[in-house]
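# Tertiary structure, described
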Amino acid sequence: MLELSILGFLYGRPLHGYELKERIRALSGHVRPVSDGALYPAINRLVDKGLVESRTEPGTSAAPRRTLSLTPAGRAALLARLRAPKDVEITDGQRFFTVLTFLGLLPDPAGQAAVLRRRQTFLLTPASFFYEDGAPATVEEEPDLFRRGMLRVARATGTEEKAWLAEALAELDARADRTQDPGARRDPEATA
């Protein structure tokens, strides 16, 4: 997810290493903090692959600053990753939020909708943190106060996410329909 975040944040404009780190930190927060020991090797891998360009510029003080920008190959790689996220990027909530952060960069609503449909399918599959005799445990049947709390919070979050996905998919499908058949849109005054 770190590489996806780097590519995504560089899509808009070149950034200094520190600016990039701060944006990634704001996105992942305390859940998955990014360290210099993880960030800079990831940047170097992307530079080595030709996806990111690094140049050194004079700093405002004595230290030079490293400016990072996305190459055309980096743009293509980012869009390819967004079109076809890995399964874990769909099933893991925090990773999915990272995909969502940059999904708007995909130029086509149908491609965006395809990713959301994968998440929707995952969420509609019965699952639980706990199982009893092979069946998912439910809030109503869980005797443990704390596990019951986990299940309630997960249910509420899942309910809201499913509702949002349905709304987003309806909107994206409408956009895709308009994009595919621009003549299908009617001028309201022409029918009056």
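Below, the structure is looked at part by part.

What counts as what
- Residues numbered from 1 in each chain as written.
- Predicted model: local features only at pLDDT ≥ 70, side-chain atom pairs only at ≥ 80, totals over all residues.
- Heavy atoms only, no water.
- 1 Å grid on protein atoms, 1.4 Å probe; cavity = no way out; pocket = protein on both sides within 12 Å on 5 of 7 lines; lining within 4 Å.
- Points joined across faces, edges and corners; volume = space filled by probe spheres on them.
- Helix = DSSP H or I, 4+ residues; strand = E, 2+ residues; numbered from the N terminus.
- Nonpolar A, V, L, I, M, F, W, Y, C, P; charged D, E, K, R; others polar.
- Axes fitted to C-alpha atoms, helices over the stretch in contact; angles between N-to-C directions.
- Parallel < 35°, antiparallel > 145°, perpendicular 65-115°, else oblique.
- Left-handed = near helix turned anticlockwise from the far one by under 90°.
- Contact = heavy atoms within 4.5 Å.

### Structural notes on the layout of surface pockets
Put simply, the largest pocket is a space of about 740 Å³. Taken together, 26 residues form the lining of the largest pocket, with L123, A127, A154, R155 and G158 sitting closest to its centre. Of all the elements in the fold, those that place two or more residues in the lining of the largest pocket are α6 (93–103), α7 (109–124) and α8 (145–180). Top element by residues in the lining of the largest pocket is α8. It accounts for nine residues. By residue class, the composition of the lining of the largest pocket is 13 nonpolar, eight polar and five charged.

### Considering the packing of helix α1 (residues 2–12) against helix α4 (residues 72–83)
At a minimum axis distance of 10 Å, the contact between α1 and α4 shows a crossing angle of 120°. Taken together, the axes of α1 and α4 lie oblique to each other. Read as a crossing pair, α1 and α4 show a hand that is left-handed. Mapping the contact onto sequence places E3, L4, L7, G8 and Y11 in α1 and G74, R75, L78, R81 and L82 in α4. A class-by-class count of the residues in the contact of α1 with α4 yields five nonpolar, two polar and three charged.

The quantities given are spatial measurements derived from coordinates; they are silent on function.
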